[in-house]
There are 2 protein chains.
Amino acid sequence: MAHSEDLRQAGLKTTLPRLKVLSILESSKVRHMSAEDVYKILLGEDESIGLATVYRVLTQFEDAGLVIRHNFEGDRAVFELNDEDHHDHMVCVSCGGVIEFIDQRIEELQDKVAHDHDFGIQDHSLTLYGICKKCKARAS
Amino acid sequence: MAHSEDLRQAGLKTTLPRLKVLSILESSKVRHMSAEDVYKILLGEDESIGLATVYRVLTQFEDAGLVIRHNFEGDRAVFELNDEDHHDHMVCVSCGGVIEFIDQRIEELQDKVAHDHDFGIQDHSLTLYGICKKCKARAS
DNA sequence: GTATATGCAAAACTTTTGCATCCTT
DNA sequence: AAGGATGCAAAAGTTTTGCATATAC
C-alpha cells in the first residue's frame, strides 16, 4: 500500500487520488497500465475519482520521476512504476504482453553512438516487437 | 517524382492522391512527416485532397511496406519512406530534429536478446532522446 | 461496367483545460 | 485561512468511418 511519505518525497501533497493511483500501480499484476486501466480499477473500487484526475496524477508522477510513460502502440500511453532499475521492453503483438530485459552491452553501445554524434543523450527507448514464447507455442 | 509502377508493385491502384503523397514523401527535405504535414503541403499545392485520404493513403503505404510509422512523441505519428535500409533514431528534444543512425552490434545484440527469450522478433524501435550537437552549441 | 477510392462531415478516442468546489496543511 | 487539488463537463487534437460521388482498369 502506498504511503504518504512516498508522495511527500516526490514533492506532492498527500491526497486520496494520488494515494489510490500509486497504490494501484504498486499492487497491479500488470505492470504497464493506461490511464483508462487505472480509472476502471478505481471505478471497480467505488472510488469517485475522475478520469481527468487520473491523467493529472499520472502526469505529475511522471514529472516527479515516480512513473515512466511509454507510447508502445501509439494510440494510448501506458505507465509503469519507475523502480530506478532501467530496462527495455519486448511487446508481443499477439497477446499484448510485455517482457522486460536489460543488456548492458546495448546500453553502452547506445552511449557510444550518442557520443560519436556529439548528441547529449538524456533518455532512450528500445522496444522489440514480435511473438512471445507462449503465443508461439499456442500457434504451432 | 513518384511513378505508377511503385504503387502497382505495392499492390495499390494508381490514383492521384497516392501519387501525390508518395511524391511529397520522396521529395521532402524533412524525412519524417505527420499526416498533417503532408496535408498542409497538398493544400499549398492547391490539391483538393482531404486529410482523411492522407491518413488512408499513409496507412495503406504502411501496410504495403512503403513507409514506416513512428510514434516518437506519442501525440501524433510521423511517417518516413521505407528505403529498406533499416536505421534507428536520435530525436532532439530541443529542436525536434531527427538524426538517423545504425549500429550493427546493437542490431545483433537485439536479435540475441530476443532469441534468448524465445521471442520471435519481427521489428524493433530504438530511439535516443537528448540534445543535438547544434542545440548544445547554441545553448553554451 | 464494376469495384475501388475519395471527399466531406461526423464520429470515435485519447488527453487537456476551465471553473466552481473541496481538501490539505 | 490560503493555496493547491479535484470533479465535471466541455474542449482540443488526432485518427477513423459512413456514405454518396467520382475514378481506375
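Residues numbered from 1 in each chain as written. Chains lettered and ligands numbered in written order. Predicted model: local features only at pLDDT ≥ 70, side-chain atom pairs only at ≥ 80, totals over all residues. Heavy atoms only, no water.

A.B. asks: What's the story with the relation of the copies chain B and chain A in this structure? I'm lost.
C.D. replies: Mapping between the two copies of the chain is achieved by a rotation about an axis and a shift along the axis. The transform that puts chain B on chain A rotates by 179° and translates by 0.0 Å along the axis, for an RMSD of 0.1 Å. Overall, the copies show the geometry of a two-fold rotation axis. Across chain B, the rotation axis passes nearest the C-alpha of Leu126 of chain B, at a separation of 2.2 Å. Here 100% of the contact residues of chain B are again contact residues in chain A; the copies associate through an equivalent surface. (Least-squares fit on C-alpha atoms with pLDDT ≥ 70 in both. Contact = heavy atoms within 4.5 Å.)

A.B. asks: Mind showing me how you'd approach the protein's contact with DNA strand D here?
C.D. replies: Surveying the vicinity of DNA strand D reveals 18 residues, the closest of which are Ser48, Thr53 and Arg56 of chain A together with Tyr55 and Arg76 of chain B. Take the atoms of DNA strand D that sit within 4 Å of the protein: sugar and phosphate atoms are 73% of them. Residue Thr14 of chain B places a main-chain N or O atom 3.3 Å away from a sugar or linking oxygen belonging to DNA strand D. At 2.9 Å from a phosphate oxygen of DNA strand D is found a main-chain nitrogen or oxygen belonging to Ala77 of chain B. For the surface near DNA strand D, the secondary structure elements donating two or more residues are helix 2 (16-27) and helix 4 (51-64) of chain A together with helix 4 (51-64) of chain B. Looking at the surface near DNA strand D, the element that brings in the most residues is helix 4 of chain B, giving 4 residues. Split by residue class, the surface near DNA strand D holds 7 nonpolar, 5 polar and 6 charged. (Near = heavy atom within 4 Å. Polar contact = N/O pair within 3.5 Å; in protein donor to acceptor, adjacent residues only side chain to side chain. Helix = DSSP H or I, 4+ residues; strand = E, 2+ residues; numbered from the N terminus. Nonpolar A, V, L, I, M, F, W, Y, C, P; charged D, E, K, R; others polar.)

A.B. asks: Mind showing me how you'd approach the pattern of salt bridges here?
C.D. replies: Opposite charge on two side chains makes pairing possible when the charged atoms of those side chains draw close. Residues and elements named next belong to chain A. Tallied over the entire structure, the rule returns 18 salt bridges over all chains. With a closest N to O distance of 2.6 Å, Glu100 and Arg31 form a salt bridge. One end of the pair, Glu100, is in strand 5 (residues 98-101); the other, Arg31, is in the loop between helix 2 and strand 1 (33-34), and 69 residues separate them in sequence. Arg69 is the partner of Glu62 in a salt bridge, and the nearest nitrogen-oxygen pair spans 3.0 Å. (Salt bridge = Lys/Arg side-chain N within 4 Å of Asp/Glu carboxyl O.)

A.B. asks: Looking at this structure, how should I read the interface of chain B and chain A?
C.D. replies: Interfaces are often sized by the accessible area lost when the parts come together. Residue-level contacts link 35 residues of chain B with 35 residues of chain A. Note that Lys136 of chain B is salt-bridged to Asp118 of chain A, the shortest N-O span being 2.7 Å. Applying the counting criterion to the chain B and chain A interface returns 11 residue pairs in polar contact (both at pLDDT 80 or more). Elements that contribute at least two residues to the side of chain B that touches chain A include exactly strand 3 (88-92), strand 4 (98-101), helix 5 (104-116), strand 5 (120-131) and helix 6 (133-139) of chain B. A total of 12 residues in the side of chain B that touches chain A trace back to one element, the largest contributor, which is strand 5 of chain B. A per-class count over the side of chain B that touches chain A returns 17 nonpolar, 10 polar and 8 charged. As judged from the 11 bridges shared by strand 6 (residues 120-131) of chain A and strand 5 of chain B, these two strands associate in the antiparallel manner. Residue pairing across strands places Leu126 of chain A opposite Leu126 of chain B, the latter belonging to strand 5 of chain B. (Pairing = 2+ DSSP bridges.)

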